[in-house]
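Okay, here's what each chain looks like letter by letter:
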Amino acid sequence: MTLQRALGRVLRDTGPAVLDALGRLPGSDLTTLLLAAMRARAARVRAPDVLRRYREDRFVSPAQVPHRQLRAAEDAVLSALPAEFDVITLAPVVPLGTHAALGGVDQNNVLTTIRGTEVAADPTSALAVEAAARRAGRRDGEVRPAGEVRLAALQRVLRAQRFDGPASFAHFTLLGLVSAGRDTGNLGFERRHAVEHLRIAVDAVRAALSGRAAEVALTVLDPRFEAAAQAVREALPGVVDDPHRQAGRRYYDGLCFKLIVADGEQRVDVGDGGFVGWTQAMLADRKERLLISGIGVERLALLAAQFSTIS
């Protein structure tokens with residue numbers, strides 16, 4: 001049943017005024033009301049109910065990739081990070097609307113809480129907010145340098161939409177990277193950081209897959225970013241152009257890329273990234289620049305296991 005049909009059914013029972021009344025409540029009042037409702041519902045839950053829900057709810061099932069395999073992949077990708085990146089531990093939630101406001105993600109694809117937060121669906125969103133806070137120069141009363149910011153994080157994320165395929169899970173681990181700074185002219189920021197992110201990504205895949213290489217597929221979304229693309233081509237071997245890529249064209253600005261690993265006749269996407277205008281929007285400054293990228297650690301762990309079996 002689609003959300004719209006389900007909503008229509010509920011409103012037929014409760015009356016459309018309920019939705020309007022809830023929408024008009026101040027945030028704190030809505031939280032108070034929802035907390036009371038959830039407390040009442042939780043009071044009716046019994047131990048057998050917990051077990052039944054645990055078996056049925058894909059959001060709460062354990063990871064399907066064995067822990068040791070996943071941990072080995074995590075250690076491998078972290079080994080590729082240069083010292084310039086500050087590796088931080090992110091909270092499991094972000095402010096309500098973060099993914100929608102920054103990346104245009106439909107709220108139905110995010111697990112929303114009743115306390116004004118939502119479960120992390122991508123580490124680069126939280127990293128971008130932290131980078132903007134540092135770029136602003138002040139956090140919790142402490143003045144910080146407003147120079148270039150490089151951040152990285154391993155985070156287990158959860159996405160509400162359903163995916164098809166054997167390596168498609170409701171929650172999984174990603175390595176996220178962001179580089180934030182200011183326009184230096186002549187695409188200087190873009191050229192330097194695109195090369196840096198992709199070098200890290202290529203090295204991370206090689207470390208996780210015992211030397212196997214990943215293909216970098218570049219997509220120039222704006223001809224003005226051709227100089228940044230050319231810098232990547234000159235710095236890294238085996239870069240291919242992917243002008244027909246459709247995914248991400250509304251998400252990224254100027255230039256985006258994918259990392260692809262060949263698995264027999266299949267080509268597996270293991271990484272993605274590009275330039276976005278998130279810090280420009282948060283700081284209301286068109287001179288701000290931000291590059292984000294992510295690597296699917298779960299997919300690398302699965303590939304590593306497959307390749308070791310083959311060899």
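Quick notes on the rules
Residues numbered from 1 in each chain as written. Predicted model: local features only at pLDDT ≥ 70, side-chain atom pairs only at ≥ 80, totals over all residues. Heavy atoms only, no water. Helix = DSSP H or I, 4+ residues; strand = E, 2+ residues; numbered from the N terminus. Rg over C-alpha atoms; globule rule 2.2 N^0.38 Å. Buried < 20%, exposed > 50% of the residue type's maximum accessible area, 1.4 Å probe, protein only. Contact = heavy atoms within 4.5 Å. Areas by Shrake-Rupley, 256 points an atom, 1.4 Å probe, with all protein chains shown as cover. Phe/Tyr/Trp six-rings, centres within 6.5 Å; stacked < 30°, edge-to-face > 60°. Lys NZ or Arg CZ within 6 Å of the ring centre and 35° of its normal. pLDDT = per-residue confidence, 0-100. Salt bridge = Lys/Arg side-chain N within 4 Å of Asp/Glu carboxyl O. Pairing = 2+ DSSP bridges. Right-handed = clockwise from strand over helix to strand, strands pointing away. Expected span 1.5 Å × (residues − 1). Axes fitted to C-alpha atoms, helices over the stretch in contact; angles between N-to-C directions.

Below, the discussion takes up the overall build of the protein chain. Helices and strands together make up the secondary structure of the protein chain, namely eleven helices and twelve strands. For 311 residues, the compact-globule formula gives about 19 Å, and the C-alpha radius of gyration of the protein chain, at 22 Å, lands near that figure. Overall, the protein chain is about 65 × 50 × 40 Å in size when its C-alpha atoms are taken along their principal axes. When burial is assessed residue by residue, the protein chain has 41% of its 311 residues classed as buried. In the protein chain, once contacts between residues fewer than 6 apart in sequence are set aside, the share between residues at least 24 apart is 67%. A total accessible area of about 17,300 Å² is found for the protein chain, and carbon and sulfur atoms account for 53% of it.

This part is about the packing of aromatic side chains. The final tally for this structure, using the stated rule, is three aromatic pairs. The interplanar angle of 90° and the centroid separation of 5.7 Å between the aromatic rings of Tyr251 and Trp278 together place this pair among those described as edge-to-face. Of this pair, Tyr251 sits in the loop between β9 (239-241) and β10 (253-263) while Trp278 sits in helix α10 (residues 278-283), placing them 27 residues apart in sequence. The partly exposed category is assigned to Tyr251, whose relative accessible area is 24%. Its relative accessible area of 3% is what places Trp278 among the buried residues. Through pairs of rings, three or more aromatic residues link up here, namely Tyr251, Tyr252 and Trp278. In this structure, Arg212 is placed above the aromatic ring of Phe307, and the distance from its NZ or CZ to the ring centre is 3.7 Å.

Here the protein chain averages 91 in pLDDT, and 94% of its residues register 70 or above. Element-level pLDDT for the protein chain is lowest in strand β5 (residues 142-143), with a mean of 56, against a maximum mean of 98 in strand β1 (residues 86-87).

Tallied over the full model, the rule gives 25 salt bridges. The residue Lys287 makes a salt bridge to Asp183 at a minimum N-O spacing of 3.6 Å. One end of the pair, Lys287, is in the loop between α10 and β12 (288-296); the other, Asp183, is in the loop between β7 (171-182) and α8 (188-208), and 104 residues separate them in sequence. On the basis of relative accessibility, which here comes to 42%, the residue Lys287 falls in the partly exposed class.

Moving on, we come to the pairing of strand β8 (residues 215-220). As defined by bridge partners, β8 adjoins β10 across six bridges and the pair is classed as antiparallel. By the bridge assignment, Thr219 is partnered in β10 with Cys256. In the sheet, β8 pairs with β9 via three bridges, with the strands oriented parallel. In the sheet register, Leu218 faces β9, and the bridge partner there is Asp241. Read as a crossover between parallel neighbours, the route from β8 over helix α9 (residues 226-235) to β9 is right-handed.

All right, on to unusual backbone geometry then. Both trends apply: most residues other than glycine have a negative phi, and most peptide bonds are in trans. Residue Asn186 is not a glycine yet carries a positive backbone phi of 60°. Structurally, Asn186 can be placed in the loop between β7 and α8. Classification of Asn186 by relative accessible area gives exposed; the value is 68%. The residue Ala284 is not glycine, and still its phi comes out positive at about 50°. Looking at the element boundaries, Ala284 is found in the loop between α10 and β12.

Between the first and last C-alpha of α8 there are 30 Å, a value that for 21 residues agrees with the 30 Å anticipated at 1.5 Å per step. Burial within α8 is extensive, with 15 of its 21 residues counted as buried. Of the residues one or two after α8, Ser210 is the one with positive phi, at around 55°.

For sheets, the rule is that strands pair by backbone hydrogen bonds, running either parallel or antiparallel. One open sheet holds the eight strands; their spatial order is β1-β6-β7-β12-β11-β10-β8-β9, and the pairing between them is mixed. Each having just a single partner strand, β1 and β9 make up the two edges of the open sheet. Contacts from helix α7 (residues 123-135) reach β1, β6 (149-158), β7 and β12 within the one sheet, and its direction differs from that of β7 by about 30°.

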